[in-house]
Amino acid sequence: MKRFSQLLVTLILKTSRNDKISVLSEYFKYTPDPDRGYALGALTGTLSNPGIKPSLLRTLAAERIDQELFNLSYDYVGDLAETVSLIWPDTAAYKEKLPSITEFISKIDRTPKAKLSALISNFLDNANSNERWAMIKFATGGLRVGLSARLAKTALAAYSGCLLEDIEKVWHGLTPPYIGLFEWLDGKTSIPKIQHTRTFHPMMLANPLNIEQDFNRLDPNDFQAEWKWDGIRVQAVFDESGKQLYSRTGDDISRAFPDIVGELNGKAVLDGELLVGDNFKALPFNQLQQRLNRKSPTKTHLKDYPAFIRVYDMLFYNDDDVRDLPLKIRRQKLEDWMKRVKNSRLDISEILDFDSWSRLAELRTEKADTLGHEGVMIKDLQSKYSPGRPKGPWFKWKRDPKFLDGVMMYAQRGHGRRSSFYSDYTFGIWRGNELVPVGKAYSGFTDEELVMLDKWVRGNTLNRFGPVREVRKELVVELAFDSAHASSRHKSGIALRFPRINRIRWDKPAQEADTTETITSIM
Amino acid sequence: MQWINHELYIAPIDAYIDPIKPVDKAIITHGHADHARPGHQKVLASRQTIDIMKIRYGEKSATSFQSMEFGKPLRINDVTITLYPAGHILGSAQISIEYRGQRVVVTGDYKTIPDSSAQAFEIIKCDLFVTEATFGLPIFQHPSPHNEINNLLKSISEQPKRTHLIGVYSLGKAQRVISLLREAGYDHPIFIHGALEKLCDYYSSERINLGLLRKALVQDKETMKGAVVMAPPSALRDRWSRRLMDPIICQASGWMTIKQRAKRSGVELPLIISDHADWNELTSTIDSTEADTIWVTHGREDALVHWCKLNGKNAEPLRLQGRDEELEI
Ligand SMILES: [Zn+2]
Ligand SMILES: [Zn+2]
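Quick caveat: nothing in here was measured; it's all calculated off a predicted structure. (Residues numbered from 1 in each chain as written. Chains lettered and ligands numbered in written order. Predicted model: local features only at pLDDT ≥ 70, side-chain atom pairs only at ≥ 80, totals over all residues. Heavy atoms only, no water.)

Engineer: How should I be thinking about the overall build of chain B in this particular structure?
Structural biologist: Looking only at helices and strands, one finds nine helices and 18 strands in chain B. Taking the principal axes of its C-alpha atoms as reference, chain B extends roughly 65 × 45 × 30 Å. A total of 329 residues make up chain B; the buried ones form 59% of that total. Restricting the contact set of chain B to residue pairs at least 6 apart, pairs at least 24 apart contribute 60%. Taken as a whole, chain B presents about 13200 Å² of accessible surface, with 47% of it coming from carbon and sulfur. (Helix = DSSP H or I, 4+ residues; strand = E, 2+ residues; numbered from the N terminus. Buried < 20%, exposed > 50% of the residue type's maximum accessible area, 1.4 Å probe, protein only. Contact = heavy atoms within 4.5 Å. Areas by Shrake-Rupley, 256 points an atom, 1.4 Å probe, with all protein chains shown as cover.)

See below:
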């Protein structure tokens with residue numbers, strides 16, 4: 001834990017990519033197995049949370065310090081791990097050696113629930129504040145030290161001399177403490193064997209289109225275009241021994257969609273959009289939301305919101321890795337496979353007919369409201385399926401945003417770098433004389449604006465509910481959003497898709513914000 | 001106590017302590033800009049505080065200056081004024097005022113741990129204690145400054161080719177960090193930004209050992225590779241520092257306790273070196289003064305007021321204007 005805490009502190013403070021890579025390589029080099037593999041799992045979010053709840057730490061802190069002093073401190077720092085680690089009485093006794101990561105995990109694992117708080121306090125008593133911070137972060141999960149999984153893998157490549165691409169290809173088939181992976185990286189064995197139709201494969205993502213730059217240099221004949229559907233991106237991985245659905249981040253969501261999983265036939269890895277609706281007619285996103293909110297669906301949900309996948313790409317055709325073939329060929333293989341293998345919940349994504357960018361521009365707006373898509377995807381016919389977000393081959397071209405003026409109602413603290421700021425806001429619009437919430441926004445402003453918003457929130461607080469502050473209903477913000485839908489879950493009856501702050505209207509009186517009628521008229 | 005109010009105005013002698021606006025009579029605790037302002041008629045302060053005010057604001061920054069020695073009482077009418085060291089920066093004083101059998105002590109800014117660049121703090125028993133609370137939250141438990149200097153020296157030895165650029169306030173912090181480095185045996189020349197020059201010269205003339213200092217000039221960036229360079233925090237993020245070669249950004253301040261805060265200011269190597277008392281120093285000093293009334297100013301008053309009440313003392317926050325933490329050291 002000593003070395004791991006030094007690593008975390010360095011990672012959070014270093015800004016240069018190269019510095020981060022070099023401290024990580026050093027760590028992998030000098031840390032024994034299985035410690036380094038657990039650390040890697042914690043850093044990349046693949047290690048399951050050791051199961052210490054934040055409430056346990058609050059209770060421990062409350063036994064040592066007056067509640068009001070704790071609350072004032074927490075309010076000031078904004079981050080629980082940091083507050084507890086700093087406020088913990090520094091006994092400087094350090095009688096016992098700190099556990100290694102492996103001991104830390106196994107001790108927590110073996111300790112009965114009733115004795116966990118004694119175990120954790122003992123760990124914290126024998127540590128300095130940085131070590132306490134690292135242990136709490138590790139024990140509660142979610143390190144948030146500004147390190148992407150991609151950068152951790154880049155460091156593995158730098159450390160070993162193996163190719164990043166190769167690491168990516170096997171990554172999702174492996175689990176902490178990554179013994180086999182390190183054996184390969186250390187040159188002791190060959191690359192670990194992965195059962196491809198049993199594991200998640202990182203997805204290929206598109207970049208937003210830059211109209212002026214991209215259209216001038218790109219030839220429409222080199223590209224295919226499809227609707228961009230407003231569902232969730234999924235990967236279906238299935239063969240005779242198992243069937244899984246994964247979200248974009250690799251979370252297994254199979255249990256939530258038995259209607260799809262039960263109907264998967266054959267052996268393949270497919271990439272597509274999960275949607276709900278009868279006969280492949282997609283319903284708006286907030287209907288899909290009903291399904292996403294539950295771990296497993298009710299009978300009514302299955303009947304009212306049947307799910308399907310609109311497939312647009314193929315990664316494995318039976319056992320064959322087709323990711324390095326051009327999109328044009330992958331598409332042919334996908335069409336061929338879809339014809340051969342019967343799958344009642346799979347539908348193939350339509351290819352749009354266009355011969356110029358201006359024609360595509362027309363298509364993009366023409367059917368946006370009737371079909372309910374959110375723009376178009378443009379993909380290079382020669383593109384390989386490369387994990388991550390490579391610049392060049394794939395573009396997303398979203399429909400133009402809509403705008404409304406909302407009034408700030410509540411503010412909540414952000415996370416990580418923004419944890420000491422009120423950065424997540426709930427906005428409302430008028431229904432008669434009453435403000436009703438329409439959505440939350442936490443992006444679209446600059447760092448300077450964040451400081452001003454935070455100051456405004458602190459100076460205009462009416463009530464506090466834990467981390468949430470209710471503010472004076474005085475600040476108007478212009479929100480941009482993709483579309484508005486009827487929703488029974490919101491008091492306003494309206495749900496916004498992708499609301500974000502477009503600009504802050506410091507000048508505008510709250511009375512002049514938008515009303516539910518004006519928004520309903522554009523739905 | 002009727003004769004001193006929340007603006008630290010002492011009625012029987014018509015004088016203010018550390019006033020923000022120009023007044024007729026001012027008693028000044030120390031030379032930082034949130035305490036010492038130009039434009040008063042008469043200023044009473046320690047000799048070194050007066051010297052510092054003249055360096056920063058000019059010889060004529062007050063109509064007249066009267067200097068006092070530590071521990072030597074001055075009687076005006078029925079009021080006795082005595083200065084005692086506050087341990088914050090060179091010349092910093094606590095102001096003790098006695099009137100009709102009661103004693104008030106106003107600390108200005110202070111710290112109680114040893115510092116060879118400032119006179120050592122003394123505990124003065126009193127009836128009303130007016131304390132600062134810059135770090136008035138229990139999360140502030142400053143580590144030993146020697147520990148922080150060792151971290152700096154370790155980083156220098158691990159990355160001997162890179163410049164360590166340290167953000168320090170020009171009065172007090174700069175000289176303290178330099179003298180800590182000297183005490184730890186670091187004997188290379190230390191490069192200082194132009195804004196630190198006059199005050200470093202002054203400290204040296206007051207026999208504080210700062211060793212060999214050189215002016216940090218951008219054209220010498222090659223020679224500054226591997227060296228320690230000190231600059232005001234504002235210069236850390238401006239063009240000046242970007243012209244140095246790939247420096248490691250450090251900052252010496254009590255605020256560096258909070259990692260997210262260090263990260264937000266782009267600090268890679270935080271040095272928790274503070275010229276203000278931490279939570280434990282604040283609470284134990286309050287106890288030692290045996291005062292039964294505590295006025296809390298200058299920072300996070302709420303927590304310290306709450307602690308005082310928990311411990312059976314009368315306490316009130318003084319929300320003095322112009323004490324801005326961003327100006328703070
Ligand atoms: Zn000061
Ligand atoms: Zn001050």
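Engineer: How should I be thinking about the packing of aromatic side chains in this particular structure?
Structural biologist: Aromatic ring pairs: the centre-centre distance and the angle between the two ring planes describe each pair. Residue and element names in this part refer to chain B. Scanning the model with the defined rule gives 27 aromatic pairs over all chains in all. Arranged with centres 5.3 Å apart and planes meeting at 70°, the rings of tryptophan 3 and tyrosine 99 form a pair that is edge-to-face. Of this pair, tryptophan 3 sits in the segment before strand S1 (9–10) while tyrosine 99 sits in strand S8 (residues 93–99), placing them 96 residues apart in sequence. A single burial state applies to tryptophan 3 and to tyrosine 99, both of which are buried. Measuring from ring centre to ring centre gives 6.4 Å for tyrosine 110 and phenylalanine 129, while their planes differ by 70°; the resulting arrangement is edge-to-face. (Phe/Tyr/Trp six-rings, centres within 6.5 Å; stacked < 30°, edge-to-face > 60°.)

Engineer: Where do I start with the interface of chain A and chain B in this structure?
Structural biologist: Interface extent is often summarised as the accessible area lost during association of the parts. Tallying the contact residues gives 27 residues for chain A and 27 residues for chain B. Together, the buried faces of chain A and chain B total about 2400 Å²; carbon and sulfur atoms form 60% of this surface. Where chain A touches chain B, the interface holds two salt bridges. Ionic pairing is found between A:Asp19 and B:Arg162, a salt bridge with its closest N-O pair at 3.8 Å. At the boundary of chain A with chain B, the tally comes to eight residue pairs in polar contact (both at pLDDT 80 or more). Those elements that provide at least two residues to the side of chain A that touches chain B are helix H1 (2–13), helix H5 (67–77), helix H6 (80–87) and helix H9 (129–140) of chain A. (Buried area = accessible area lost by both parts, 1.4 Å probe. Salt bridge = Lys/Arg side-chain N within 4 Å of Asp/Glu carboxyl O. Polar contact = N/O pair within 3.5 Å; in protein donor to acceptor, adjacent residues only side chain to side chain.)

Engineer: Before we go on, may I ask you to explain the pairing of strand S15 (residues 468–471) of chain A in this structure?
Structural biologist: Two faces, one strand: in a regular strand the side chains alternate between the faces of the sheet. All names here are of chain A. Covered by surrounding structure in S15 are Val468 and Glu470 together with Arg469 and Val471, the residues of both alternating faces. In the sheet, strand S11 (residues 402–413) pairs with S15 via three bridges, with the strands oriented antiparallel. Its bridge partner lying in S15, glutamine 412 is registered against valine 468. Taken together, the four bridges between strand S14 (residues 461–465) and S15 define a ladder with antiparallel strand orientation. (Pairing = 2+ DSSP bridges.)

Engineer: Teacher, can you tell me more about the sheet that holds strand S4 (residues 40–46) of chain B here?
Structural biologist: Hydrogen bonds between backbone atoms are what pair the strands of a sheet, whose relative direction is either parallel or antiparallel. Residue and element names in this part refer to chain B. Here we have five strands laid out as an open sheet, ordered S1-S2-S3-S4-S5, and mixed in their pairing. Taken across any chain shown, the strands that pair with only one partner, and hence form the sheet edges, are S1 and strand S5 (62–68). Bridge count between S1 and strand S2 (residues 15–17): two bridges; the pairing is antiparallel. Its bridge partner being in S2, tyrosine 9 is matched across the sheet by tyrosine 16. Its contacts with the sheet place helix H1 (residues 47–57) against S4 and S5, and it is angled at close to 130° to S4. (Axes fitted to C-alpha atoms, helices over the stretch in contact; angles between N-to-C directions.)

Engineer: Hey, could you run me through the coordination of the zinc ion (ligand 1) in this one?
Structural biologist: Around a metal, the ideal angle is 109.5 degrees if four donors adopt a tetrahedral arrangement and 90 or 180 degrees if six donors adopt an octahedral arrangement. Residues and elements named next belong to chain B. Coordination sphere of the zinc ion (ligand 1), protein contribution only: His30 (NE2), His32 (ND1), His88 (NE2) and Asp109 (OD), at 2.2 Å. The coordination sphere of the zinc ion (ligand 1) comprises four donor atoms, whose angles at the metal cover 88 to 169°; the geometry is irregular. Motif for the zinc ion (ligand 1), donor spacing along one chain: H-x1-H-x55-H-x20-D. The metal-metal distance between the zinc ion (ligand 1) and the zinc ion (ligand 2) is 3.4 Å, with aspartate 109 serving as a donor to both. One end of the pair, histidine 30, is in the loop between strand S3 (25–27) and S4; the other, aspartate 109, is in the loop between strand S9 (102–106) and strand S10 (128–133), and 79 residues separate them in sequence. (Donors = N, O, S within 2.8 Å, 3.2 Å for Na, K, Ca; no water. Tetrahedral: all angles 85-135°; square planar, octahedral: opposite > 155°, others 65-115°.)

Engineer: Looking at this model, I keep getting lost on unusual backbone geometry. Mind explaining?
Structural biologist: Leaving glycine out, the prevailing phi sign among residues is negative, and the prevailing peptide bond configuration is trans. Residue and element names in this part refer to chain A. Omega for the peptide link from aspartate 33 to proline 34 comes to -5°, which places this bond in the cis form. Summarising the element assignment, proline 34 is placed in the loop between helix H2 (17–30) and helix H3 (35–44). Between proline 176 and the following residue, proline 177, the backbone shows a cis peptide bond with an omega angle of 5°. If you trace the backbone, proline 177 turns up in the loop between helix H11 (164–171) and helix H12 (179–185).

Engineer: Would you mind going over the environment of A:Lys342 with me for this structure?
Structural biologist: Position of A:Lys342 relative to the elements: it lies in the loop between helix H17 (327–340) and strand S8 (346–348). Between the C-alpha atom of A:Lys342 and that of A:Gly266, which follows or precedes it by 76 residues, the distance is 8.4 Å.

Engineer: Any chance you could explain the packing of H3(A) against helix H10 (residues 149–160) of chain A here in plain terms?
Structural biologist: Residue and element names in this part refer to chain A. Two elements in contact, H3 and H10, have axes whose closest approach is 8 Å; the angle formed by their N-to-C orientations is 145°. Touching Arg36, Leu40 and Thr44 of H3 are Ala149, Ala152, Leu156 and Tyr159, all from H10. Tallied by class, the residues present in the contact of H3 with H10 amount to five nonpolar, one polar and one charged. (Nonpolar A, V, L, I, M, F, W, Y, C, P; charged D, E, K, R; others polar.)

Engineer: Would you take a moment to explain the environment of A:Glu273 for this structure?
Structural biologist: All names here are of chain A. In this fold, glutamate 273 is placed in strand S5 (residues 268–276). When its relative accessible area of 8% is taken as the criterion, glutamate 273 is described as buried. With 38 residues separating them along the chain, glutamate 273 and valine 311 place their C-alpha atoms 6.4 Å apart. Setting aside its immediate chain neighbours within four residues, glutamate 273 contacts Trp229, Asp230, Gly231, Ile232, Arg233, Val234, Phe308, Ile309, Arg310 and Tyr312. Here tyrosine 312 takes part through its side chain, which lies 2.7 Å from a polar atom of the side chain of glutamate 273.

Engineer: Looking at this model, I keep getting lost on the confidence of the model for chain B. Mind explaining?
Structural biologist: Low-confidence regions, as indicated by low pLDDT, have predicted coordinates that should not be scrutinised in detail. Residues and elements named next belong to chain B. Mean pLDDT over chain B works out to 93, with 97% of the residues at or above the 70 mark. In the predicted structure, residues 324–329 sits below a pLDDT of 50 and forms 21 contacts with residues beyond four places in sequence or in another chain. Taken over the whole predicted complex, pTM reads 0.74, whereas the ipTM for its chain interfaces reads 0.94. (pLDDT = per-residue confidence, 0-100.)

Engineer: What is the right way to look at helix H9 (residues 301–310) of chain B in this model?
Structural biologist: When H9(B) is considered as a whole, its buried residues turn out to be B:Glu301, B:Ala303, B:Leu304, B:Val305, B:Trp307 and B:Cys308. Looking at the buried residues of H9(B), the elements they touch are H5 of chain A together with S10, helix H8 (279–289), strand S17 (293–299) and strand S18 (314–318) of chain B.

Engineer: How should I be thinking about the sheet that holds S18(B) in this particular structure?
Structural biologist: Residue and element names in this part refer to chain B. Within the open sheet, the seven strands sit side by side as S6-S7-S8-S9-S10-S17-S18. Their pairing is mixed. Both edges of this open sheet fall to strand S6 (74–76) and S18, since each of them pairs with a single strand only. Taken over all neighbouring pairs, the strand axes of this sheet differ in orientation by 20° on average, direction set aside. Note that S10 and S17 share six bridges and pair parallel.

Engineer: In this structure, what is going on with helix H7 (residues 101–110) of chain A? I would like to understand it.
Structural biologist: Side chains of residues three or four places apart in an α-helix project in the same direction, reflecting 3.6 residues per turn. Within H7(A), the full set of buried residues consists of A:Ile101, A:Phe104, A:Ile105 and A:Ile108. One face of H7(A) carries all of its buried residues, which in axial projection span an arc of 95°. (Arc of directions from axis to C-beta.)

Engineer: Sorry, what's going on with the side chain of B:His40 here?
Structural biologist: Here B:His40 is to be found in strand S4. Setting aside residues no more than four positions away along its own chain, B:His40 makes contact with B:Pro19, B:Lys21, B:Pro22, B:Val23, B:Ala26, B:Ile28, B:Ser61, B:Ala62 and B:Thr63.

Engineer: Can you help me understand the state of the cysteines in this one?
Structural biologist: Disulfide: a covalent bond formed between the sulfur atoms of two cysteine residues. Residues and elements named next belong to chain B. Applying the stated rule across the entire model yields zero disulfides over all chains. Residue cysteine 200 stays outside any disulfide, its sulfur separated by 17 Å from that of cysteine 250, the closest cysteine. With relative accessibility at 1%, the residue cysteine 200 sits in the buried group. A disulfide-free cysteine, cysteine 308 has its sulfur positioned 12 Å from the sulfur of cysteine 126, the nearest such atom. (Disulfide = S-S within 2.5 Å.)

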